[in-house]
Amino acid sequence: MTTIPALLGSLLTPTTLAGLPLSSRFAMAPMTRFRSPGGVPTPEVAAYYRRRAENGIGLIITEGVLVGHPSAGHEPSVPRLTAGPAEQGWRHVTDEVHAVGGRIAAQLWHLGSQREPVDGVASWTPSGVPSGSRAMTLADMDTLLAAYADAARVAVRAGFDAVEIHAAHGYLLDEFLWPYTNRRTDGFGGSPAARAAFPAEVVRAVRAAIPTRMPLIVRFSQFKERDYTARIAESPAELAVLLQAFTAAGADVLHASQRDFAAPAFPGSPRNLAGWAKHLTGLPSITVGSVGLTRDFFDSDALRTLLDRHDAGEFDLIALGRILLGNPAWVTLASTGRLDAIRDYRKADEDTYF
Ligand SMILES: Cc1cc2nc3c(=O)[nH]c(=O)nc-3n(C[C@H](O)[C@H](O)[C@H](O)COP(=O)(O)O)c2cc1C
């Protein structure tokens, strides 16, 4: 009998997330890979997700999948759901993941200002920040609500177990939450409740498009890819207003994106962002951020911290991002003590991992 399973402790035990049974407490974090020509995930993409699902990842969250409006994104190799054979491509992905007992959520994405204004399409933003982008009208909002709902309906048909709405990292929905990019003076800008209003409408539209019992996850962050110090909420009280808008609209799970899971979200408490999300709403939460990036992790306080804080109920799932790129079997290798077979994450190799 080896002592190794103790290394990942309770994280290897089955659980349910908003009613969805999962084989472990590990999720795969959503990661854009640019491997879906014409927006259609290939059989290689299906095999890529399957390799992680058969190696201890309870819930796969796909890379961002563009909702079906030209403003959502321009990159042809980023997957879609509603375009041509994309649904069939995803059906193959979900079948492969299910064949090994995994579960999979589709992440719905609109890039907002981060869509390059090419192909004659301006980037769509809450209030025309940055300049040159198109400040969304109320009619534009309706158009996108329909696009999110359509994508969610296709996700259900394609066999997904859950849907995640990407409202993090400075893309469209996060640009509504962030005062710097949301300068609207109507009911969709200003106070935290008003800034959350359009993202919450998206949650409501997606909730109405998927089965009642299907988990609906909302991913949010303080930081933006272009500004790591940016914040959508200056205090737990402000965060509560934003997250309660999502909860009231039908979110079941909150996925709090941080660059370092162990970083306190607010002064005065060690609680991380996922901890606050759970504390403020009572919903289950997913944490993420620099878990296991190098083998030092196994000898460090970080692993102990992760386990203790999970076991204390601060958060429910742990999403692994970059370390899973080069190590599809990270959980299997760690849980069976084959630490030597794990390779440290290296940014320079990122594009070669699949
Ligand atoms: C190559 C790459 C692509 C990413 N694409 C997405 C994405 O499509 N959607 C998203 O919400 N986050 C995306 N992220 C962020 C990850 O989901 C995750 O939050 C981040 O990598 C931190 O987790 P880690 O330290 O375990 O890697 C991406 C990260 C990487 C490295």
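Above this text is the structure in question.
Owing to the predicted nature of the structure, the values given are computational and were not obtained by experimental measurement. (Residues numbered from 1 in each chain as written. Predicted model: local features only at pLDDT ≥ 70, side-chain atom pairs only at ≥ 80, totals over all residues. Heavy atoms only, no water.)

Over the atoms, a rolling probe the size of a water molecule traces out where space has been left empty. For the largest pocket, the calculated volume is near 1200 Å³. Pro 30, Met 31, Thr 32, His 169 and Glu 225 are, among the 43 residues lining the largest pocket, the residues nearest its centre. Those elements giving two or more residues to the lining of the largest pocket turn out to be strand E4 (59-66), strand E5 (103-109), strand E8 (162-169), strand E9 (216-224), strand E12 (317-320) and helix H11 (322-326). No other element matches the 3 residues that H11 contributes to the lining of the largest pocket. Residues that form the lining of the largest pocket fall into these classes: 19 nonpolar, 13 polar and 11 charged. Here the second largest pocket is characterised by a volume of approximately 270 Å³. The element contributing the most residues to the lining of the second largest pocket is E9, with 3 residues. (1 Å grid on protein atoms, 1.4 Å probe; cavity = no way out; pocket = protein on both sides within 12 Å on 5 of 7 lines; lining within 4 Å. Points joined across faces, edges and corners; volume = space filled by probe spheres on them. Helix = DSSP H or I, 4+ residues; strand = E, 2+ residues; numbered from the N terminus. Nonpolar A, V, L, I, M, F, W, Y, C, P; charged D, E, K, R; others polar.)

In a regular helix each residue adds 1.5 Å, so 14 residues correspond to 20 Å; helix H8 (residues 236-249) covers 20 Å between its end C-alpha atoms and thus fits that length. Residues of H8 that are buried: Leu 239, Ala 240, Leu 242, Leu 243, Ala 245, Phe 246 and Ala 249. Structurally, H8 contributes buried residues whose contacts are with helix H5 (172-177), helix H6 (192-195), helix H7 (197-209), E9, strand E10 (253-257) and helix H9 (273-281). Following H8 by one or two positions, Gly 250 has its phi on the positive side, about 115°. (Expected span 1.5 Å × (residues − 1). Buried < 20%, exposed > 50% of the residue type's maximum accessible area, 1.4 Å probe, protein only. Contact = heavy atoms within 4.5 Å.)

On to the sheet that holds E9, then. The pairing of strands in a sheet happens through backbone hydrogen bonds and is either parallel or antiparallel. If you trace the 8 strands once around the closed barrel, you get E3-E4-E5-E8-E9-E10-E11-E12, paired in parallel fashion. Strand-to-strand twist across the sheet, computed as the mean angle between neighbouring axes with direction ignored, equals 25°. As paired strands, E4 and E5 are joined by 6 bridges and run parallel to one another. By the bridge assignment for E5, Ile 61 is matched with Ala 105. Helix H2 (residues 43-53) rests against strand E3 (26-28) and E4 of the sheet, and its axis sits at about 150° to E4. (Pairing = 2+ DSSP bridges. Axes fitted to C-alpha atoms, helices over the stretch in contact; angles between N-to-C directions.)

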